[in-house]
Amino acid sequence: MISVSNLRKKYDAAEALKGISFEIQKGEFFGLLGPNGAGKTTTISILSTIVEPSQGEISIAGFDLKKNPTACKKNIGVVPQEIALYNDLSAFDNLLFWGSLYQVPVEVLKKRIDEMLHLFGLYERRNEKIKTYSGGMKRRINIAAALLHQPQIIFMDEPTVGIDPQSRNLIYEVIAKLHQEGMTFVYTTHYMEEAERFCDRIGIMDNGQIIAQGTLEELKSLSKIDETIVVSFSNLDDVLFQQLATTHNSIVREDGVVRFLSSDAKADLSTVILECNRIGLSITHIDIQGVNLETIFLSLTGKQLRD
Amino acid sequence: MFTLAIKDLKLFFADKRAMILGFAVPIALITLFAFAFGGVGGEKEMARPRRLLVADDDGSLGSKKIIDQLDSLPEFRVKRMQRDSAEMRVKKGDEAAVLIFHEGFSDSLDAGNKPPVEFKYDASKEAEIAILQGALTGKLMAMIGGKSMLKNALANFDRQYPDMDSASRAQIHAQIASDMGGGQSQQKQESFIRTTSLIAEEENSPGLIHAVAGTAIMMLLFAVIAMGASILEEKQEGTLKRLLYSPLPPNQILFGKMISANIISTLQLTVMFLFAKFAFGLDIFSHIIPLLFMILASAYACASFGMLIASFAKTRQQVQSMSTLIVLIMSCFGGSMIPTFAMPEFMQKMSVFTVNYWSIQGFYDIFWRKLDWVDPTFLTRLAVLFLIGTVMNVIAVQLFKKNALKIA
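Cut-off values and rules
Residues numbered from 1 in each chain as written. Chains lettered and ligands numbered in written order. Predicted model: local features only at pLDDT ≥ 70, side-chain atom pairs only at ≥ 80, totals over all residues. Heavy atoms only, no water. Helix = DSSP H or I, 4+ residues; strand = E, 2+ residues; numbered from the N terminus. Buried < 20%, exposed > 50% of the residue type's maximum accessible area, 1.4 Å probe, protein only. Areas by Shrake-Rupley, 256 points an atom, 1.4 Å probe, with all protein chains shown as cover. Contact = heavy atoms within 4.5 Å. Buried area = accessible area lost by both parts, 1.4 Å probe. Salt bridge = Lys/Arg side-chain N within 4 Å of Asp/Glu carboxyl O. Polar contact = N/O pair within 3.5 Å; in protein donor to acceptor, adjacent residues only side chain to side chain. Patch = residues over 30% accessible without salt bridge, like charges linked within 9 Å, V, L, I, M, F, W, Y side chains within 5 Å. Phe/Tyr/Trp six-rings, centres within 6.5 Å; stacked < 30°, edge-to-face > 60°. Lys NZ or Arg CZ within 6 Å of the ring centre and 35° of its normal. Pairing = 2+ DSSP bridges. Expected span 1.5 Å × (residues − 1). Bend = angle between axes of the 7 residues up to and from the residue. Axes fitted to C-alpha atoms, helices over the stretch in contact; angles between N-to-C directions. Core = buried A, V, L, I, M, F, W, Y, C linked by side-chain atoms within 4.5 Å. Parallel < 35°, antiparallel > 145°, perpendicular 65-115°, else oblique. Left-handed = near helix turned anticlockwise from the far one by under 90°. Nonpolar A, V, L, I, M, F, W, Y, C, P; charged D, E, K, R; others polar.

1. Observations regarding the overall build of chain B
Logical step 1: Along its length, chain B carries 17 helices and 5 strands.
Logical step 2: Here chain B holds 408 residues, and 48% of them are scored as buried.
Logical step 3: Approximately 19600 Å² of chain B is accessible, and the part contributed by carbon and sulfur atoms is 63%.

Structure below.
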């Protein structure tokens, strides 16, 4: 459904994309993960035809992006990171406007709008102006606007940033339903649980490159990490953490705990405890957990996803 | 308290927009108004030569001599022209007035009769006419008025006393000449220059036409710049990106903006003229066809101007900072605030580069000069407005593609 080969993008001296390649099959849910500045949004912008690539071949739904951008556009829906709606128009009028850009017949479009408003739980408030909506409700309409023309492929760039749990859950339900119906997804997110929940395959981006791609299991095996030792301390500070980091390469500090990446946690456990005691850290809790995308990313790049 | 004041001062001086509106705009306007009202350059500027159109139907040595004398005066720059052409220029608003020396001028002068001199004018240029007429009456009287009156008085005296001896007659003639030397009354001076308005002064006063046309165009320029800037707002708020995701070609996004700007501009001008009709009695329905054409042409040119200004900027805030200054300067030069004929000549020359000038003159053509819509002068103004609009649109599209439509 999507084929990207040796894609490069240069902005003056800076190279935002350094020759990335990937294939996405019809109905597949493909996640792009990476820290800020990794090149995720540039990739989405090029695939959605608003940024010209410096080099590379792209095919979307069987159409060459360079030769036939309009045909590509008709087959994709894009949910941008920002809320791209007209605040002074109602939800219905917004959807009517955005849908009409894809030349959907008015009657069909109106029917689709009603479906979308029901799907996203906003039918009762369809005639209210967007500026009266909460952030979560705006996000829902932001997604609905990209689905009106029933695209084969949907690009979602951080679609759940900064919203309430109720809206997030509703969006998750819609995403799952659309995926089940066979829609192809390209999804960028900072939320690991989203990626782990939805993605059939994941591309991990760093510094303009895809450093690894595959299913979660394939990535786990690539990272050579099987488990993490999660330790809580009563006296952890920056100085002590730095001391700890000099002795262990693969550690992550998050939410007051330190994760030690390990290929054999049971064997490494005593070493970790001894080392912590040696530098004066008081352990309050210790646990062994499985790997997640965060730890996989750390093991592959040496950096945290949220850097 | 002082801490708050210092903080506010810091914010004020850091705000470029506030600085432009607070200092640059008033300075620019003071400078422009000073030039426009002739307050710059002292007496020299105040006594600047006025252009005087002259038609010499008499073509005699006497009339040529008087015209040469007028030309040699520092107050006037005489431009000779055939009467028909000169009258046409006045009717079309290109000149304020024409001084006509009718056939028989010299003969009348020699016979001591009132010489046939006529001052034909465009009453819409009231201030210019008053200055010109005032200067002209005194000078002409000094040149021909005294001579004519003296001859008349001596002839009357001779008719009354035909039998007087030649010595006494010569003595009395000398006395009359001495008494009349340069002492003519103002009433008599004015009486021999016939004044005629070339345009029938009917229901639409030039003041009303100027107020409606000048203000409507100026306010429209403010409005259309805001409309043009909306594309930058769309960029800032992300909706432009979403428009670009759609199959709509980027040019059509711009054209869509242009169409809405043109519709709103046309509507705004129409409402302004309807208001002028119902509030002040401006007769718009007798000139509906040329008025519609001029509204469309003006709306197109103004909308294009708005798009052009917006296309230079990268953010809506930049447009807002620039627009006040640019519109006020253009309106000042173009005659929205002060009629162009009341401005110094260099400003009059500059005025033709503004949308305001061509629109306002077009509305004068309709309501004052009563030109038909097929009149070449009126068509020229329409053509200029459409040309200005098209050129600005082409530049705006290129700049928008380079600035606003480029998503990094």
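2. Observations concerning the interface of chain A and chain B
Logical step 1: The interface of chain A with chain B comprises 22 residues on the first partner and 14 residues on the second.
Logical step 2: Regarding the contact of chain A and chain B, the summed buried area is about 1700 Å², with carbon and sulfur atoms giving 62% of it.
Logical step 3: Among the residues of chain A in contact with chain B, I50, K73 and L101 of chain A are the three that bury the most area, contributing 32% of the side total.
Logical step 4: Joining chain A to chain B, the criterion identifies 1 salt bridge.
Logical step 5: Of the charged contacts in the structure, one is a salt bridge between K241 of chain B and E82 of chain A, with a shortest N-O distance of 3.7 Å.
Logical step 6: One can count 5 residue pairs in polar contact (both at pLDDT 80 or more) joining chain A with chain B.
Logical step 7: At the level of secondary structure, the elements contributing two or more residues to the side of chain A that touches chain B comprise helix 2 (69-75) and helix 3 (91-100) of chain A.
Logical step 8: Take the side of chain A that touches chain B: its biggest share by element is 3 residues, from helix 2 of chain A.

3. Section: a nonpolar patch on the surface
All names here are of chain B.
Logical step 1: A cluster of nonpolar side chains, L274, F278, F285, I288, I289, L292, F293, W373, V374 and L379, forms an exposed patch at the surface whose accessible area comes to about 900 Å².
Logical step 2: Listed by contribution, the elements that provide at least two residues to the nonpolar patch are helix 12 (250-280) and helix 13 (288-312).
Logical step 3: Among the elements that line the nonpolar patch, the one with the most residues is helix 13, at 4 residues.
Logical step 4: Secondary-structure assignment places L379 in helix 17 (residues 376-402).
Logical step 5: L379 gets classed as partly exposed once you look at its relative accessible area, which sits at 36%.

4. Overview of the environment of F297 of chain A
Logical step 1: Along the chain, F297 of chain A turns up in helix 11 (residues 293-301).
Logical step 2: F297 of chain A sits 77 residues away from K220 of chain A along the chain, and the two C-alpha atoms are 9.6 Å apart.

5. A few points about the packing of aromatic side chains
Logical step 1: By the definition in use, this model includes 17 aromatic pairs over all chains.
Logical step 2: Ring centres 5.6 Å apart and planes at 15 degrees place the aromatic pair F29 of chain A and F198 of chain A in the stacked group. Highlighted residues: F29 of chain A in strand 3 (residues 29-33) and F198 of chain A in helix 7 (residues 192-198), separated in sequence by 169 residues.
Logical step 3: The interplanar angle of 20 degrees and the centroid separation of 5.8 Å between the aromatic rings of F273 of chain B and F367 of chain B together place this pair among those described as stacked. Residue F273 of chain B is found in helix 12, and its partner F367 of chain B is found in helix 16 (residues 355-367); the two are separated by 94 residues along the sequence.
Logical step 4: For F367 of chain B, a relative accessible area of 0% puts it in the buried group.
Logical step 5: By the ring-pair criterion, three or more aromatic residues cluster together here, those being F29, Y172, F185, Y187 and F198 of chain A.
Logical step 6: The aromatic ring of W98 of chain A is capped on one face by R242 of chain B, whose charged end is 5.6 Å from the ring centroid.

6. What about the pairing of strand 3 of chain A?
All names here are of chain A.
Logical step 1: For strand 3, a buried count of 5 out of 5 residues is recorded, marking the element as mostly surrounded by other parts of the structure.
Logical step 2: With burial as the criterion, each face of strand 3 is covered, one bearing F29, G31 and L33 and the other bearing F30 and L32.
Logical step 3: Sheet topology places strand 3 next to strand 8 (residues 184-188); 4 bridges connect them, and they run parallel. Across the sheet, residue L32 finds its bridge partner in strand 8, namely T188.

7. Regarding helix 10 (residues 206-237) of chain B
Residue and element names in this part refer to chain B.
Logical step 1: Here helix 10 spans 46 Å end to end across 32 residues, near enough to the 46 Å set by a 1.5 Å rise per residue.
Logical step 2: Bending of helix 10 peaks at approximately 30 degrees at the position of S230.
Logical step 3: Just beyond helix 10, the residue with positive phi is G238, at close to 95 degrees.

8. A closer look at the sheet that holds strand 12 (residues 251-254) of chain A
Residue and element names in this part refer to chain A.
Logical step 1: Pairing within the open sheet is antiparallel, and its 4 strands lie in the order 12-13-11-14. The open sheet has two free edges, formed respectively by strand 12 and strand 14 (283-290), since each of these has just one partner strand. The mean angle between the axes of side-by-side strands here comes to 20 degrees, regardless of whether they run parallel or antiparallel.
Logical step 2: The pairing of strand 11 (residues 227-233) with strand 14 spans 7 bridges and is antiparallel. Paired with I229 across the bridge in strand 14 is I288.
Logical step 3: Strands in contact with helix 9 (residues 238-247) are strand 11, strand 12 and strand 13 (257-262); relative to strand 12, the strand with the most contacts, it is inclined by about 160 degrees.

9. Observations concerning the nonpolar core
Logical step 1: In this structure, I60 of chain A together with L70 of chain B are the most contacted members of the largest nonpolar core, which totals 168 residues.
Logical step 2: Sort the elements by how many residues they give to this core and helix 10 of chain B lands first, with 15 residues.
Logical step 3: Non-local contacts of I60 of chain A, meaning those with residues more than four positions away in its chain, are made with M1, I2, L47, L65, C72, I76, I153 and F155 of chain A.

10. Notes on the environment of A212 of chain A
Residues and elements named next belong to chain A.
Logical step 1: Here A212 lies in strand 10 (residues 209-214).
Logical step 2: As a C-alpha pair, A212 and I202 span 10 residues in sequence and 8.1 Å in three-dimensional space.
Logical step 3: Leave out the neighbours within four places in its chain, and A212 touches I202, G203, I204, L219, L222 and L300.

11. Points about the packing of helix 14 (residues 316-334) of chain B against helix 16 of chain B
Residue and element names in this part refer to chain B.
Logical step 1: Relative to each other, helix 14 and helix 16 sit at 45 degrees, their axes nearing to 7 Å. What the angle tells us is that helix 14 and helix 16 run oblique. Pair helix 14 / helix 16 crosses with right-handed handedness. For the pair helix 14 and helix 16, contact is made by M330, S331 and G334 and by V355, N356, Y357 and I360, respectively.
Logical step 2: A per-class count over the contact of helix 14 with helix 16 returns 4 nonpolar, 3 polar and no charged.

12. Remarks on the sheet that holds strand 2 (residues 76-80) of chain B
Adjacent strands of a sheet form backbone hydrogen bonds with each other and so pair up, either parallel or antiparallel.
Residues and elements named next belong to chain B.
Logical step 1: A sheet is described by the order of its strands in space; here 5 strands give the open sequence 2-1-3-4-5, paired in mixed fashion. Looking at which strands have only one partner, the edges of the open sheet turn out to be strand 2 and strand 5 (193-197). On average, each strand axis in the sheet is tilted by 30 degrees relative to the strand beside it, whichever way the strands run.
Logical step 2: As paired elements, strand 1 (residues 50-56) and strand 3 (residues 97-101) share 4 bridges and run parallel to each other. Its bridge partner lying in strand 3, D56 is registered against F101.
Logical step 3: Packing against the sheet, helix 4 (residues 61-72) makes contact with strand 1, strand 2 and strand 3, and its axis sits at approximately 140 degrees to strand 2.
Logical step 4: Seen against the sheet, helix 5 (residues 83-91) touches strand 1, strand 2, strand 3 and strand 4 (117-121) and runs at an angle of roughly 155 degrees to strand 3.

By themselves, these observations are geometric and do not establish any function.
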